[in-house]
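One-letter residues, chain by chain:
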Amino acid sequence: MTETTTFTPPPDQPDGTEAQTAAVLTFPLMKAPEPARPPGEAKPGEWEAELPDTDDPEAEGLAEGAPVDPPREVYPPSVAEWMEARDKARVPVLPDWVKLPDQRKAVRKWAVRHYSAVMGYHAVRLPCIYTPKVLYYSPRGAWRWSAAIGRWVFDAEGKSLRLAAVAAEDAAEYLKLSRQRNDRVRLRGVVAGIASMVGLAATLTLYVMAPSWLLLLAVAALTTTLGVVGAPADRPLIDMAKVTFRKRKLSSDIVIRAHEVAGLTSKDQSIAFPRPIGRDGDGWRVIVDLPYGKSFKDALNAHTKVASGMDIAATQLFLDKDESSERRVSYWIADRDPLAVPSGKSPLLGATRVDFWKPFPWGVDERGNPVMATMLWLSLLVGAVPRQGKTFSARTIALAAALDPYVRLYVFDGKASPDWRKFALVAHRIGFGIVPKNGIDPVGHLLTSLRELKADVEDRYHRLSELPLHICPEGKLTPEISRDKKLNMPLILFVVDEVQEYLQHPEHGKEILALLVYLARVAPAVGVSVMTSTQKPDDKACPSELRDQHQARFALRVGAYQVSDTILGAGSYSEGLDASKLLKSHKGVGLLKGMSDDAGIVRTYLADGRDAERILTRAAALREAEGTLSGDAVGEAPAPEASATILDDVAAVLGKGETKVWSETIVDRLATLRPEAYGPWADLEPKPKAEALTAALKPFGITTGQISRRIDGEQVNKRGIKRDDVAAAITERNKKRDGE
């Protein structure tokens, strides 16, 4: 379709114009500015309406754009908080190894040990390795030295410039360089000649006038110098006296990379460094702020991946929680595996005595800081696979108790190893294995000791509550009460190594378990601590009803994380405590939980068999001087013998027709019947005398009560027993024997 437009000229167009004409008009690209209007006036054709920003009726009256963030400068509510914040942010002026006496001593010992080893290393190799090397390389060194002097005298360093001038056919530059070379060679030749004459004269003088030792020293120094000059660069003359461990300089890029591969960061959020990365002992200290939403627990779960991202072993990376923020994590990256380094000999070797009421040295942590242990008011469970230092770790605690003469020791070893044999010097009761030997049944001995100890614990609760307030103000055991021989309530440490051997005993296992559960749960409050160790912490060998009563747990290397959780308690694995990650080389290293508020790694001190014998010999002499040796240590009648015959002995001393008898009267009669067994009871005061009989009869269900007697016209009340109760206990005992 074609559109035709007819052009008609306007009437006012001049004549003679036949062709069409057109005018080009300018088209504005921008709108013309509009005239100013008063505020609030709408444009023509427009209208205004006020619409609500939200459907919330409570939003009415709110001003848009009101700030919701607090002011940037927020003052602390108190000066104490301000000072506390500054204390936390302040970096220590001196490192711990300078400030702390223990670490200064450790550094000093290390320096002496290290440099003496270095000197000995080189002293051994000096005549047989270093001297032949020096003699072999010294001719080469002499040639290198003389060649270097010749190049210097004849200006060999300017030869390349002169050759370049010849190649460029620059005669003026060549003549200039030649004159400069001639001047240098002339001067340097004179200097070299004078030096040669002086050296020759000094050599002749030294040869003629110097003593032989000085001449030998000069020859050795010259030969050594020439040997060093002639030695190849890739083969050093002197060997390294130490192993260079793989140690890398840590940077922020490495730390960021580690968190990225561990999945702790994202593209939008990375970590922050509130403090610079710096050296901290034998490692690096890094403090990072994780992205928002991440916590210390996330970093703990990614422990292995973070270590891989830093290209180190997992045993070199240690995490600490920062109390100021849940997302702040403090890393300590060791230069090498610190858990494979032995912690050293036990300080108990140099201790004259120990106060068991105070913490004592047990080991060091991963950074070498001392770890103090205490057994007051708690029970301890030690578990590990064989050959990881379980017995040695537990024995160190028992050795500390032995050095306190006012601590009574019970030691029973289910495997009958030689590790605990020397405790016979100090132990009140001691037994080995489960097989009767030399007329003594160790299982029966343990059972009787547990019964006696249970009766003693029950008696302590009553006696502590009855003591005067000026002696026992809070009804609790105190150091003064435990060291009072008249009160007879010393601290007690009950040790059972390889406890599973006793718990699985076909005849007495159940009763031993019940008694241990009772003591672990109730006895610590009155100064009786229980320490058990096992290599089989499963429900069959060591039931949970016993494990759960231990307030403190110590797990050395185990085979799986489930076993670690069994020893340390449910939920320990989720807290990052996993003893299965420990290596076989980590002897005596374990995870400690429950002894203090913090759980951590302990590298226990070592006290081998000879060290233990030295400590126990000193402990026996100390106890003998204090008069606290008792029980099996001094040959007193074993607990099984006294317990087995106490019912028959009491029945024997009861007179015909006596239905009720005072306890102290029975003790006097028992001492007359068998002075070797009951003589010490008769020497006690009336009240302790009666309490001793009460404790002995309590395992058999015999209780004491008030018995009235009229003496010289006065009514006297004292505690005693009934004949019927004794007869019933004997009948019950005989029934059990017949049933067995």
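Preceding this paragraph is the structure being described.
Residues numbered from 1 in each chain as written. Predicted model: local features only at pLDDT ≥ 70, side-chain atom pairs only at ≥ 80, totals over all residues. Heavy atoms only, no water.

*Asks:* I would appreciate a short explanation of the overall build of the protein in the present structure.
*Replies:* Secondary structure assignment for the protein yields 22 helices and 17 strands. The 740 residues of the protein split such that 37% are buried. Put simply, of all contacts in the protein between residues at least 6 apart along the chain, 67% involve residues at least 24 apart. Only carbon and sulfur atoms are counted for the fraction: they give 57% of the accessible area of the protein, which is about 45,000 Å². (Helix = DSSP H or I, 4+ residues; strand = E, 2+ residues; numbered from the N terminus. Buried < 20%, exposed > 50% of the residue type's maximum accessible area, 1.4 Å probe, protein only. Contact = heavy atoms within 4.5 Å. Areas by Shrake-Rupley, 256 points an atom, 1.4 Å probe, with all protein chains shown as cover.)

*Asks:* Got a minute to help me understand the packing of aromatic side chains in this structure?
*Replies:* To describe a pair of aromatic rings, one takes the distance between the centres and the angle between the planes. Under the counting rule described, the total for this entry stands at nine aromatic pairs. Here the aromatic rings of F356 and F360 are separated by 5.5 Å at their centres, their planes lie at 15°, and the arrangement is stacked. Each member of the pair, F356 together with F360, is buried. With a centroid separation of 5.2 Å and 45° between ring planes, the pair formed by W420 and F423 is classed as tilted. (Phe/Tyr/Trp six-rings, centres within 6.5 Å; stacked < 30°, edge-to-face > 60°.)

*Asks:* Explain the nonpolar core here, please?
*Replies:* Within soluble globular proteins, side chains that are nonpolar tend to cluster in buried spots. Judged by nonpolar contacts, the single largest core of 84 residues is most densely connected at F423, L493 and F494. If one sorts the elements of this core by residue count, helix α14 (residues 509-522) sits on top with eight residues. If we ignore the near neighbours within four places in the chain, the residues touching F423 are R395, A398, L399, L409, V411, I430 and L616. In terms of nonpolar packing, the next biggest core, distinct from the first, is built from 22 residues, M310, L319, Y331 and I333 among them. (Core = buried A, V, L, I, M, F, W, Y, C linked by side-chain atoms within 4.5 Å.)

*Asks:* I'm lost on the side chain of E498 in this one. Help?
*Replies:* With respect to the helices and strands, E498 occurs in the loop between β10 (491-497) and α13 (500-503). Accessibility expressed as a relative area gives 1% for E498, which makes it buried. At 2.7 Å, the side chain of E498 and the side chain of K390 are in polar contact. Beyond its immediate stretch of four places on either side in the chain, E498 contacts K390, D413, G414, K415, S533, T534 and Q535. (Polar contact = N/O pair within 3.5 Å; in protein donor to acceptor, adjacent residues only side chain to side chain.)

*Asks:* What am I meant to see in the pattern of salt bridges here?
*Replies:* Where charged atoms of side chains with opposite charge meet at close range, the side chains can pair. For the structure on display, the rule yields 28 salt bridges. Close ionic contact of D419 with K415 constitutes a salt bridge, the shortest N to O distance being 4.0 Å. For R669, the salt bridge goes to E658, with nearest N and O atoms at 2.9 Å. Taken together, the residues R669 in helix α19 (residues 663-673) and E658 in the loop between α18 (639-653) and β15 (660-662) connect sequence positions eleven residues apart. On the basis of relative accessibility, which here comes to 28%, the residue R669 falls in the partly exposed class. One salt-bridge network, held together by shared partners, links D155, E157, R162, R184 and R188. (Salt bridge = Lys/Arg side-chain N within 4 Å of Asp/Glu carboxyl O.)

*Asks:* Which parts of the structure should I look at to understand the pairing of strand β14 (residues 600-604)?
*Replies:* Taking burial as the measure, the five residues of β14 include four buried ones, the bulk of the element. Bridge analysis of strand β5 (residues 360-364) against β14 gives two bridges, and the strand direction is antiparallel. Opposite V364, over in β14, you have R603 as the bridge partner. Alignment of strand β13 (residues 589-593) against β14, held across four bridges, turns out to be antiparallel. When the bridges of β14 are listed, V589 appears paired with R603. Connecting β13 to the antiparallel partner β14 that follows it, the hairpin turn spans six residues, and G594 within it adopts a positive phi of roughly 100°. (Pairing = 2+ DSSP bridges.)

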